[in-house]
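# Tertiary structure, described
Listed here are the chains, written in short residue letters.
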Amino acid sequence: MNFIISGKNIEVTTGLRDAIEQKLGKLERYFTPETEIIVTLSVEKGRQKIEVTIPVKGSLIRSEQTSSDMYVSIDLVEEIIERQLRKYKNKLVAKNQGHPTSASVPGGIKKEFIDSEEEPSEDDEIRIVRTKKFGVKPMYPEDACLQMELLGHSFFVFSNAETDEVNVVYKRKDGSFGLIEPEFS
């Protein structure tokens, strides 16, 4: 695995680099040797944050953790990524109707990981517990943000009056808003 480690408002010391490579190196059993792991460390208002992004063909595995100690953040992010990988494996196996040997393995993921007989835990299973239907009316993104705030939600799905596309606005951690516009390839 190739680590690309950078820092914002923090110097990436040898100790931090070693801790990241040791902790995230445990993920080596899931990935092929040429897989890139992009790690960004940052310090914001005394909070130690680590962002890890692992591009695999057709998908991204990503986690971001914040704590008062960078080493704690590194431990937390490794646990989250491992949990995401187990969910991703379950998705790939289910997609191929429970036949792990016939699963098409995306680039970057080891076939042995997909073929392993490890039983999924209850926590790894994705369950949809509620379905909600609602009318989507055309509105501008700013109006959708206002509607989202009035409802007290963290996101809002709407039909963009400018593009006639279904979009999503969401509240970001810093209090600003984001807009998701689909792009069909």
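Since the structure is predicted, the reported quantities are computational estimates derived from the model, not experimental observations.

A word on the pattern of salt bridges. This model, assessed by the stated rule, comprises nine salt bridges. Between Asp75 and Lys23 there is a salt bridge; the shortest N-O distance is 3.7 Å. With Asp75 in helix H2 (residues 70-95) and Lys23 in helix H1 (residues 14-25), this residue pair connects regions lying 52 residues apart in the sequence. Accessibility expressed as a relative area gives 18% for Lys23, which makes it buried. Ionic pairing is found between Arg29 and Glu82, a salt bridge with its closest N-O pair at 2.2 Å. Here Arg29, found in the loop between H1 and strand S2 (36-44), pairs with Glu82, found in helix H2; they are 53 residues apart in sequence, far enough to count as distant. The exposure class assigned to Arg29 is partly exposed, which follows from its relative accessible area of 47%. The class for Glu82 is buried, based on a relative accessible area of 13%. Among the charged side chains, a salt-bridge network with shared partners connects Lys49, Glu51, Arg62, Glu64 and Lys173.

Sheet architecture is open: four strands sit in the order S5-S6-S7-S8, paired in mixed fashion. Strand pairing shows two members of the sheet lacking a second neighbour, strand S5 (138-139) and strand S8 (177-180), which therefore form its edges. Packing against the sheet, helix H4 (residues 141-151) makes contact with S5, strand S6 (155-160), strand S7 (166-171) and S8, and its axis sits at approximately 150° to S6.

With that out of the way, let us pick up the pairing of S2. When strand S1 (residues 2-8) meets S2, the two strands line up parallel, connected through seven bridges. Residue pairing across strands places Ile5 opposite Val39, the latter belonging to S2. Direction of pairing for S2 relative to strand S3 (residues 47-56): antiparallel, over a ladder of seven bridges. The partner of Val43 across the bridge, within S3, is Gln48. What sits between S2 and S3 in their antiparallel hairpin is a turn of two residues, with Lys45 showing a positive phi close to 50°.

Moving on: the sheet that holds S2. Hydrogen bonds along the backbone pair up the strands of a sheet, which may run parallel or antiparallel. With mixed pairing, four strands are arranged side by side in an open sheet as S1-S2-S3-S4. Each having just a single partner strand, S1 and strand S4 (59-67) make up the two edges of the open sheet. Across the sheet, the axes of successive neighbouring strands diverge by a mean angle of 15°, strand direction being ignored. Most of the contacts of H1 go to S1, to which it runs at about 135°, and overall it touches S1, S2 and S3.

Parameters and conventions
- Residues numbered from 1 in each chain as written.
- Predicted model: local features only at pLDDT ≥ 70, side-chain atom pairs only at ≥ 80, totals over all residues.
- Heavy atoms only, no water.
- Salt bridge = Lys/Arg side-chain N within 4 Å of Asp/Glu carboxyl O.
- Helix = DSSP H or I, 4+ residues; strand = E, 2+ residues; numbered from the N terminus.
- Buried < 20%, exposed > 50% of the residue type's maximum accessible area, 1.4 Å probe, protein only.
- Pairing = 2+ DSSP bridges.
- Contact = heavy atoms within 4.5 Å.
- Axes fitted to C-alpha atoms, helices over the stretch in contact; angles between N-to-C directions.

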